[in-house]
Amino acid sequence: MFEMDRRGFLHITGGAAASAALGSLLFSTEAAAQMGKTLTVAYHLPVPSWDPTTGLSAVNPQLMSIYKSVFDQYVDQNPDLSFKPGLLTEWGWTDNKTKVRMKVRDDAKWHDGKPVTAADIIWNLQRVGDQKNGSPVAFIWGSLTNLKADGNVITGDVKVFMPDIFKWMGFLTAYVIPPHYYQQVGKAGFEKKPMGSGPFMVEEFQRGSFVRLKANPNYWGGKPAFETVVFKFVTDPAARVAEIESGRSDLTLNIPFEEFDRLKRKKGLVGVTTPVSDIAMIFFNDVGPMLDENVRKAAVMAVNKKAIVDRLLRGYGVPIDTLLVPQYTGYDASIKTPYDPKGAAALLAKSGYSRKKPVTFKIQTTRGYLAKDYEVIQAIVGMWRRVGIQAEIEVYEIAKHFELRAQDKLAPAAFYNWGNSIGDPATSVAHAMFGPSPHSTWDTKDLDAMIGPLFAEKDEAKRIEGYKKVNRYIAEKAYVLPLYQQVQPVIHKDSLVFKGHVANFVLPQAIKPKS
Amino acid sequence: MSLGFLLRRLLLAIPTLVGVAVIVFVLLRIVPGDPIAMLIGPGATPADIQKLRELYGLDRGLLDQFVLYVGDLIQGDFGVSISLRQDVMELVLGRLPITLELCLAAIVIAILIGGTLAVAGVYWRGRWPEAGVDGVSGFILAIPDFLWALLFILFVVIFAFSGLPISGRLSHEIRFDALTNFYLLESLVRLRFDVFGSVLLHMLLPALSLALPLSAIIARVLKSSLNEAMTQDYVLLARVKGFSRIRIVAREALRNALVPTVTLTGVQFTFLVGGTVLVEKIFSYPGIGNMAIDAVINRDLPLIQGLVLTFAVLFIAVNLLVDMSYAVLNPRMRHG
């Protein structure tokens, strides 16, 4: 009779477990080799929540790439920021912009195969417009009321006219989720197994680790080229570099420019840089020395933006003169704020300042939150010193920046990155510079009188012309210091075809294997 | 160790937790950073901002907020995360098993490495391997856990260990509908060895990063205790009996030298959990350490409060376990 003691049992079971584990590992490697149609992206942020309309993730533009893979938006965007149909094929105002009319496409289906209806769209707009549901921008969607469906046409009343409302339909929180499914599974159920009508369906979600998506065969925009897409959430830049360099991922982004330059020279890898809709800028606050126009103008003229971009950012940035970049609506290339250190010194001299007797103030910045943020500010402080500005650097966390900005208590100068992927001047210059806005630090009546009426201007040509005037005025008065347009570095395997998107999207549905 | 002692310790935990809850609540209201300021979209009016404050109960006075917070806590409600709009208790309990498994793996690795180094150092006492052991433990200790993490990532790239994952917790090629978040344990119970292997591989580098500095500390303390034990009479008796040197060190002296090491390991466990904050971030390991960083950056007050309280409960539980382990290791303490 076979007898086994405790030690023998442990040996046998331990050996079996080890063999099985090793076998499974080998199988995984083999299986991986067979998965030809999988795209693996080492993404820099995890998906914190699958409800794209509430909480902080709803207002984080950097999560849009993943959300847009699963959820359709009312309106979609081309890589140059122009708009194209999403779930809406037509949209616009009627009756002197007191009403809206939208047409819902008739070939869209939810991931469970049910059709997307006009009633579904209305439910979404009403849900996100109700502040009780936690949307941070409920006030935008709440500006539309009495929404009614007639077939696939939606009509409604404009409660508060917002010229950029339809652009917002391709922006933050403007994702459409299936009402029947959400009501069936509830918020918690939706977090576990989200559903949309986008090009990919969520197959497996390991919170904080990865999301595996499967191509939606019924997608109205055509089935994506990759059957499977994996977004691995790799938050550390060094780990993302290792992911692409070791071949574990096919594509990654948001890596240090030094690493980008090194990797793009490696065989089998391709580097793509795209100037995106984010800009680096320095807010001026209307306090202390910044009330002196000569000081502000000198602070702007003394900064050599090209040198900062070339030397600190290795050329990956585009110097800008206004808060608008060339891809935004209302961009005016004729507005210039040239680098002129001698002119800056002369202006400071008029106000009684010199290198020996400098004007002093504080400049606030984050350190490591954005690429080279602290180094850029150090360089600017050095440039200012040469003309007679002595700025003391204060490093703070981004949370403190938001708090101080909302309270209008920022230092006379503060570094920030402003994102505006819909490219409308209202969502950049207006909210950044309009005094009553919680995002603005400059607060003077002259500028508010120019910007205020533009929020409700119904004539689009007049509105855009108005913003051009605002930008010129801001540049002349030096109310802000625009620095450079950010550039997104993307590294991918040469077996892929990838094109950059000005809105900073990395959309798997737009990536194809090289034929 | 009597039941009365255990009950006394558990009762003492209550004021400790209340103290932690009060301190973290007050501190979070003092430090700069407004969660609502991070949420508000462009174009929000003061009325819109006020509505958001009301939604999260931040429009109330500090005392009101505290009373509400304590009332909810007593009912086991940690509140709703501001940044994630999800139940804090669910979020924390979802991530806690991940960190616990990682820390336990790190402890096991640290004990194995540290124990081996200590025994080897004592076995070859006075000879060159002892100097080697001291040198290695000194070197390991000089490098903090997060730096080990970055070094491992670098090694993976340089030496192209293609099978060694550097991010996440489970291979994306595996489908596993888990019932709990204790994947390691659950996969073993359900005989899913593919999951077990994948989870083990994914935790190898983060666990090693956490374990190495601790292993050096264990090696030093254990070696010192072992050296002291080697001078005791029972060791002399064992020598006289003709026991081999390795048996004397590893079996006779080791058990008596373990108590200080267990104390140290218990204390260091708390530091280990603290170390997960950076290491989990570097390896994108989805535990509570990783979550804590995001919660602090986003000033997610309910989530930070929930995480700190969880850490506190964890520390109390570990200390209790350490006290209980004394009784197992040293019979003289069982009735002390």
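Fair warning: this is a prediction, and the values are worked out from it, not measured in the lab.

### Topic: the overall build of chain B
Logical step 1: Across its full length, chain B carries 13 helices and zero strands.
Logical step 2: Tracing chain B from N to C terminus, the helices and strands come up as α-α-α-α-α-α-α-α-α-α-α-α-α.
Logical step 3: Viewed in the frame of its principal axes, chain B has a C-alpha envelope of about 85 × 55 × 40 Å.
Logical step 4: Counting only residues that meet the buried cut, chain B has 50% of its 336 residues in that class.
Logical step 5: Contacts in chain B between residues at least 24 apart in sequence constitute 72% of all its contacts with a sequence separation of at least 6.
Logical step 6: Roughly 15700 Å² of accessible area belongs to chain B as shown, and the carbon and sulfur atoms make up 70% of that amount.
Logical step 7: Computing the positive centroid from 26 side-chain charges and the negative centroid from 24, chain B places the two 12 Å apart.

### Observations regarding a nonpolar patch on the surface
All names here are of chain B.
Logical step 1: Side chains of Leu 11, Ile 14, Val 18, Val 22, Ile 23, Val 26, Leu 27 and Ile 30 sit close together on the surface and give an oily, nonpolar patch of about 740 Å² of accessible area.
Logical step 2: Among the structural elements, Val 26 can be located in helix α1 (residues 3-30).
Logical step 3: What makes Val 26 partly exposed here is its relative accessible area of 40%.

### Topic: unusual backbone geometry
What is expected of a backbone is that most residues other than glycine have negative phi and most peptide bonds are trans.
Logical step 1: One non-glycine residue, Asp 408 of chain A, lies in positive phi territory at about 55 degrees.
Logical step 2: Structurally, Asp 408 of chain A can be placed in the loop between α13 (398-406) and β16 (413-418).
Logical step 3: At Ser 284 of chain B, a residue that is not glycine, the phi angle is positive and equals roughly 45 degrees.
Logical step 4: Along the chain, Ser 284 of chain B falls in the loop between α11 (245-282) and α12 (288-297).
Logical step 5: Ser 284 of chain B sits in the buried class, given a relative accessible area of 1%.

### Looking at helix α6 (residues 179-192) of chain A
Since the α-helix packs 3.6 residues into each turn, any two residues three or four apart lie on the same face.
Residue and element names in this part refer to chain A.
Logical step 1: With 14 residues, α6 ought to run about 20 Å at 1.5 Å a step, yet its terminal C-alpha atoms sit only 16 Å apart, falling short of that.
Logical step 2: Every buried residue of α6 is listed here: Pro 179, Tyr 181, Tyr 182, Gly 189, Phe 190 and Glu 191.
Logical step 3: Against the buried residues of α6 lie α3 (118-129) and β8 (200-206).

### Regarding the confidence of the model for chain B
Residue and element names in this part refer to chain B.
Logical step 1: Scored by pLDDT, chain B comes out at a mean of 87, with 96% of its residues at no less than 70.
Logical step 2: No element of chain B has a lower mean pLDDT than helix α2 (residues 35-39), which averages 82, and none a higher one than helix α8 (residues 183-189), which averages 94.
Logical step 3: Across the whole predicted complex the pTM is 0.86, and at the interface the ipTM reaches 0.80.

### Some details on the pattern of salt bridges
Residue and element names in this part refer to chain A.
Logical step 1: Summed over the entire model, instances satisfying the criterion amount to 36 salt bridges over all chains.
Logical step 2: Here Lys 68 ties to Asp 76 by a salt bridge, and the two come within 2.8 Å at their closest N and O atoms.
Logical step 3: With a closest N to O distance of 2.8 Å, Asp 261 and Arg 314 form a salt bridge. Here Asp 261 is found in helix α8 (residues 257-264), whereas its partner Arg 314 is found in the loop between α10 (305-312) and β13 (317-319), with 53 residues between them in sequence.

### Section: the environment of Val 24 of chain B
Logical step 1: Along the chain, Val 24 of chain B falls in helix α1.
Logical step 2: Residues within four places of Val 24 of chain B in sequence aside, it is in contact with Tyr 69, Gln 305 and Val 308 of chain B.

### Here's the deal with the pairing of strand β5 (residues 99-104) of chain A
Walk down a regular strand and you will see the side chains alternate between the two sheet faces.
All names here are of chain A.
Logical step 1: Residues Val 100, Met 102 and Val 104 of β5 are buried on one face, while the alternating residues Lys 99, Arg 101 and Lys 103, pointing to the opposite face, are not.
Logical step 2: Direction of pairing for strand β4 (residues 88-94) relative to β5: antiparallel, over a ladder of six bridges. Residue pairing in the sheet places Trp 93 in a bridge with Val 100 of β5.
Logical step 3: Turn length for the β4-β5 hairpin, with the two strands adjacent in sequence and antiparallel, is four residues, and the turn residue Asp 95 shows positive phi of about 50 degrees.
Logical step 4: The pairing of β5 with strand β7 (residues 153-158) spans five bridges and is antiparallel. Considered in β7, the bridge of Lys 99 is made with Asp 157.

### Some remarks on the sheet that holds β5 of chain A
All names here are of chain A.
Logical step 1: Taken in spatial order, the four strands line up as β4-β5-β7-β6 in an open sheet, and their pairing is antiparallel. With one partner strand each, in any of the chains shown, β4 and β6 (144-150) form the two edges of the open sheet. Shown here is a sheet whose adjacent strand axes are inclined to one another by a mean of 15 degrees, direction ignored.

### Focus: the packing of aromatic side chains
To describe a pair of aromatic rings, you give the distance between the ring centres and the angle between the ring planes.
Logical step 1: Evaluated as defined, the whole model comprises 35 aromatic pairs over all chains.
Logical step 2: Here the aromatic rings of Tyr 43 of chain A and Phe 231 of chain A are separated by 5.5 Å at their centres, their planes lie at 85 degrees, and the arrangement is edge-to-face. Placement of the pair is Tyr 43 of chain A in strand β1 (residues 38-43) and Phe 231 of chain A in strand β10 (residues 228-233), with a sequence separation of 188 residues. Neither residue differs from the other here; Tyr 43 of chain A and Phe 231 of chain A are each classed as buried.
Logical step 3: Judged by centre distance (6.2 Å) and plane angle (80 degrees), the rings of Tyr 416 of chain A and Trp 418 of chain A are edge-to-face.
Logical step 4: Overall, the relative accessible area of 12% leaves Tyr 416 of chain A in the buried class.
Logical step 5: Note on Trp 418 of chain A: relative accessible area 7%, which makes it buried.
Logical step 6: Connected via pairs of aromatic rings, a cluster forms that spans Trp 50, Tyr 67, Phe 71, Trp 123, Tyr 175, Tyr 181, Tyr 182, Phe 190, Phe 205 and Phe 233 of chain A.
Logical step 7: Cation over ring: Arg 367 of chain A sits above Tyr 374 of chain A, and NZ or CZ is 3.9 Å from the ring centre.
Logical step 8: Across from the ring centre of Tyr 183 of chain B, 4.1 Å away, lies the NZ or CZ of Arg 169 of chain B, which sits over that ring.

Calculation notes
Residues numbered from 1 in each chain as written. Chains lettered and ligands numbered in written order. Predicted model: local features only at pLDDT ≥ 70, side-chain atom pairs only at ≥ 80, totals over all residues. Heavy atoms only, no water. Helix = DSSP H or I, 4+ residues; strand = E, 2+ residues; numbered from the N terminus. Buried < 20%, exposed > 50% of the residue type's maximum accessible area, 1.4 Å probe, protein only. Contact = heavy atoms within 4.5 Å. Areas by Shrake-Rupley, 256 points an atom, 1.4 Å probe, with all protein chains shown as cover. Lys, Arg positive; Asp, Glu negative; His and termini not counted. Charge placed at Lys NZ, Arg CZ, Asp CG, Glu CD. Patch = residues over 30% accessible without salt bridge, like charges linked within 9 Å, V, L, I, M, F, W, Y side chains within 5 Å. Salt bridge = Lys/Arg side-chain N within 4 Å of Asp/Glu carboxyl O. Expected span 1.5 Å × (residues − 1). pLDDT = per-residue confidence, 0-100. Pairing = 2+ DSSP bridges. Axes fitted to C-alpha atoms, helices over the stretch in contact; angles between N-to-C directions. Phe/Tyr/Trp six-rings, centres within 6.5 Å; stacked < 30°, edge-to-face > 60°. Lys NZ or Arg CZ within 6 Å of the ring centre and 35° of its normal.

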